[in-house]
Amino acid sequence: MPTKDYEFKYGHGSVKFAVPSGKILGEVKIKEAPVIQDVEKAVLDAVRNPIDSPALKDIVKPGQKIVFIVNDPTRVANSHVFMPLLLKEVNDAGVKDGDISIIFALGAHRQMTQQEMTEEVGEDVAKRITMINADCHDQSQFKYFGETSRGTPVWFHNIVAAADHVIATGSVVHHFFAGFGGGRKAVFPGVSFYETIRKNHSMIFDPNAVIGKLAGNPIYEDQMEGVKMQPPSFLINVVLNEEKEFLKVFAGDYVKAHLEACKFVDEVYGAPIEKEADLVIATCGGYPKDINVYQLQKTMDNAWCAVRQGGVVIILGECVEGSGSATYEKLMRENDTPEKVEATVKADFQIGAHKAYAVTRLMKKAEFILVSALDESMAKTLLFTPAPSVEAAIEMAYKKLGADPSIILMPQGSLTVPIVKAGG
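Residues numbered from 1 in each chain as written. Predicted model: local features only at pLDDT ≥ 70, side-chain atom pairs only at ≥ 80, totals over all residues. Heavy atoms only, no water.

1. So, the overall build of the chain
Spelled out, the test is: Strands here are runs of E lasting at least two residues and helices are runs of H or I lasting at least four, both read from the DSSP assignment and numbered beginning at the N terminus. A radius of gyration in this sense is built from C-alpha atoms; the matching globule rule multiplies 2.2 Å by the number of residues raised to 0.38. For every residue, the accessible area (1.4 Å probe, protein chains only) is compared with the maximum for its type, and the residue is labelled buried under 20%, exposed over 50%, or partly exposed between those bounds. Here a residue-residue contact requires only that any non-hydrogen atoms of the pair lie within 4.5 Å. Exposure was quantified through the Shrake-Rupley algorithm and a 1.4 Å probe, taking into account, for residues, occlusion by the shown protein chains and nothing else. For the charge count, each Lys or Arg is scored as positive and each Asp or Glu as negative, with His and the chain ends excluded. Just so you know, the charge point we use is NZ for Lys, CZ for Arg, CG for Asp and CD for Glu.
Helices and strands together make up the secondary structure of the chain, namely 15 helices and 20 strands. In terms of C-alpha radius of gyration, the chain reaches 22 Å, essentially the compact-globule figure of 22 Å for 424 residues. For the chain, the C-alpha atoms occupy an extent of roughly 70 × 50 × 40 Å along the three principal directions. Here the chain holds 424 residues, and 59% of them are scored as buried. Look at the contacts in the chain between residues 6 or more apart in sequence, and 74% of them connect residues 24 or more apart. Accessible surface for the chain amounts to roughly 16,700 Å². Of this, 50% is attributable to carbon and sulfur atoms. Charge centroids of the chain, computed over 45 positive and 54 negative side chains, lie 3 Å from each other.

2. Some details on the packing of aromatic side chains
Operational definition: Two aromatic rings, drawn from Phe, Tyr or Trp (for Trp, its six-membered ring), form a pair once their centres lie within 6.5 Å of each other, and the interplanar angle then sorts them: stacked below 30 degrees, edge-to-face above 60, tilted otherwise. A positively charged side chain is recorded as over a ring if its NZ (Lys) or CZ (Arg) lies within 6 Å of the ring centre. The angle to the ring normal must also be within 35 degrees.
A full pass over the atoms with the stated rule returns 12 aromatic pairs. When the centroid spacing of 4.6 Å and the interplanar angle of 55° are considered together, the rings of Phe-205 and Tyr-357 count as tilted. Residue Phe-205 is located in the loop between helix 7 (194-201) and helix 8 (218-227), and its partner Tyr-357 is located in helix 13 (residues 353-362); the two are separated by 152 residues in the primary sequence. Above the plane of the ring of Phe-145 lies Lys-143, whose end atom (NZ or CZ) is 5.4 Å from the centre. Here the basic side chain of Lys-365 rests over the ring of Trp-304, its NZ or CZ set 4.5 Å away from the ring centre.

3. Examining unusual backbone geometry
Across the chain, the bulk of peptide bonds are trans and the bulk of non-glycine residues have phi less than zero. Of note, the amide linkage connecting Phe-188 to Pro-189 takes the cis form, showing an omega dihedral of 25°. For Pro-189, the location among the structural elements is in the loop between strand 11 (179-180) and helix 7. Unusually for a residue other than glycine, Lys-244 sits at a positive phi of about 65°. Relative to the elements of secondary structure, Lys-244 occurs in the loop between strand 12 (234-240) and strand 13 (246-252). Judged by its relative accessible area of 33%, Lys-244 falls in the partly exposed class. Look at Cys-319: it is not a glycine, yet its phi comes out positive at around 55°.

4. Some words on the pattern of salt bridges
Cut-off, in case you're wondering: We define a salt bridge as a contact between a side-chain nitrogen of Lys or Arg and a carboxyl oxygen of Asp or Glu at a distance within 4 Å.
Summed over all chains, the structure comprises 25 salt bridges. Between Arg-198 and Glu-195 there is a salt bridge; the shortest N-O distance is 2.9 Å. You can see Arg-198 and its partner Glu-195 sitting in helix 7, 3 residues apart, about one turn around the helix. The exposure class of Arg-198 is buried, given its relative accessible area of 17%. Residues Asp-278 and Arg-308 are paired through a salt bridge, measuring 2.5 Å at the closest nitrogen-oxygen approach. One end of the pair, Asp-278, is in strand 15 (residues 277-283); the other, Arg-308, is in strand 16 (residues 307-316), and 30 residues separate them in sequence. A relative accessible area of 28% places Arg-308 in the partly exposed class. When salt bridges with common partners are traced through the structure, they connect Lys-4, Glu-27 and Lys-29 into a single cluster.

5. With respect to the sheet that holds strand 5 (residues 100-105)
What counts here: Note on pairing: DSSP must find at least two bridges between two strands before they are called paired. Convention adopted: a line fitted to C-alpha atoms gives each axis, helices being fitted over their contacting stretch, and angles between N-to-C directions are expressed from 0 to 180 degrees.
Spatial strand order, 6-5-4-9-12-13: 6 strands in an open sheet with mixed pairing. Lying at the two open borders of the sheet, with one neighbouring strand each, are strand 6 (130-132) and strand 13. For this sheet, the mean angle separating the axes of adjacent strands, direction not counted, is 20°. Relative to strand 12, strand 9 (residues 165-171) runs parallel, the two being bridged by 5 bridges. From the neighbouring strand, Ser-171 faces strand 12, where its bridge partner is Val-238. This element, helix 1 (residues 39-48), spans strand 12 and strand 13 of the sheet and lies at about 20° to strand 13.

6. A few points about empty space enclosed by the protein
The test is simple: Using a grid of 1 Å spacing that covers the protein atoms alone, one calls a set of points a cavity when a 1.4 Å probe fits there but cannot get out, and a pocket when the set is open and has protein on both sides within 12 Å along at least five of seven lines; lining residues are those with an atom within 4 Å of a point. Grid points are joined across faces, edges and corners, and a volume is the space filled by probe spheres set on the points. Think of it as three bins: nonpolar holds Ala, Val, Leu, Ile, Met, Phe, Trp, Tyr, Cys and Pro, charged holds Asp, Glu, Lys and Arg, and polar takes everything else, Gly as well.
In the structure shown here, the tally under the stated rule is 2 cavities of 30 Å³ or more. As a volume, the largest cavity reaches approximately 740 Å³. Residue lining of the largest cavity: 44 residues in total, with Thr-74, Arg-75, His-175, Lys-185 and Lys-298 positioned closest to the centre. Contributing elements (two or more residues each) for the lining of the largest cavity: strand 9, strand 10 (174-175), helix 7, helix 10 (293-304) and helix 13. Take the lining of the largest cavity: its biggest share by element is 5 residues, from helix 10. Looking at the lining of the largest cavity residue by residue, the classes come out as 17 nonpolar, 19 polar and 8 charged. In terms of lining residues, the second largest cavity is bounded by Leu-106, Gly-107, Ala-134, Asp-135, Cys-136, Phe-142, Gly-190, Val-191 and Ser-192. Residue classes in the lining of the second largest cavity are distributed as 5 nonpolar, 3 polar and 1 charged.

7. Remarks on the nonpolar core
This is how the line gets drawn: The criterion is simple. A nonpolar core is a set of buried Ala, Val, Leu, Ile, Met, Phe, Trp, Tyr and Cys residues joined through side-chain atoms within 4.5 Å.
The biggest cluster of nonpolar side chains holds 54 residues, and the ones touching the most others in it are Val-280, Leu-296, Met-300, Ile-315, Phe-368 and Phe-384. At 6 residues, helix 13 tops the list of elements feeding residues into this core. When neighbours within four sequence positions are excluded, Leu-296 is seen to be in contact with Cys-284, Lys-289, Ile-315, Gly-317, Cys-319, Leu-370 and Phe-384. Ranked by size, the runner-up nonpolar core spans 41 residues in total, among them Leu-56, Ile-59, Leu-87 and Val-95.

8. Examining the packing of helix 12 (residues 338-347) against helix 13
This is how it is decided: Here a crossing is taken to be left-handed if its near helix is turned anticlockwise relative to the far helix by less than a right angle, and right-handed if that turn runs clockwise.
Across the interface, helix 12 lies against helix 13 with an axial gap of 9 Å and an inter-helix angle of 145°. Crossing of helix 12 over helix 13 shows left-handed handedness. Here Pro-338, Val-341, Glu-342 and Val-345 of helix 12 lie close against helix 13, whose contacting residues are Ala-353, His-354, Ala-356, Tyr-357 and Thr-360. Split into classes, the residues belonging to the contact of helix 12 with helix 13 amount to 6 nonpolar, 2 polar and 1 charged.

Below, the structure written as structure tokens:
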């Protein structure tokens, strides 16, 4: 049978492989969308003609304290491109550099290095503006605002609490349990205390806490309720393609502008498929999307949508930073089945532990073969089937599925969400 050659991104490089062309059901890709040619113009147009909001320069006033919330390296937004433009807008409105701060939306992620912070906002901005690297475990850094109707204690960072205006920035993609990223997530969980994040994320077991769903999603609704206690004055969210090029810029009201961005993301990233395949081969899309298993899980979730019950998924993700969570690793060492993981996580929900559940719940449907730089024993501890190369992984899949399995390929696995067509 004739074969077709592929080259998928992996870490900072790529890997090549071949599969029988006659068994390929499809390649799941982002819908072609025009790339913005003049990004500076698009950003300025968006912030000067925003959605259901005054222009940014008409919101801020001289002498006011302005805080920008900016993505950390695990959420690519090309902040270094638009942050100098936003800074100039507020400067032109009379706000001085000394009254402006930048805090990074770390959530429960690790703290950033000085170099990483500089790379996120650009050298000129980093030299001029105070940058805050929050620690979600240090309660003294956070102010208490109250409790949501679902019982989540709402604590936001002191610098955000003291600001006259909070400007939320970021990018929008599908999110595996919060529906979509971006929007309110800059604040909650971005600049929230650990217990705030933990309680909110503990709703992951709810059947409505799923990818692409906002209305009725308890995690999203809880976040929205919390953010209303200290709402952003303005939002700028971008949508990028796989090459990190700008497709669209949304700015204005933090709720309405975000909802418009979500609609666009569904149009571009939602990928119809005829039916689920025996074998799915997916790449995270390279660094930083495959920096660790914590981030790789997004690709697993998307690939899960494309594989049949009892099938096989091959995931290509380098994972140079390992699992990404000591909590996750500890829980996996103590629980050797998805069922045990779920019971343990439900009994004592912790950030990191939720990722163990998110990963292993997918393994109830299909076998996940992982091509990575992880130590083989670690990959097995995390309940993956480790493979030293993509060729070896394909051979392992064939042994389980037979010589001619149907195949779906996902070269943009962290971004695309396969949706089986009606009647498929």
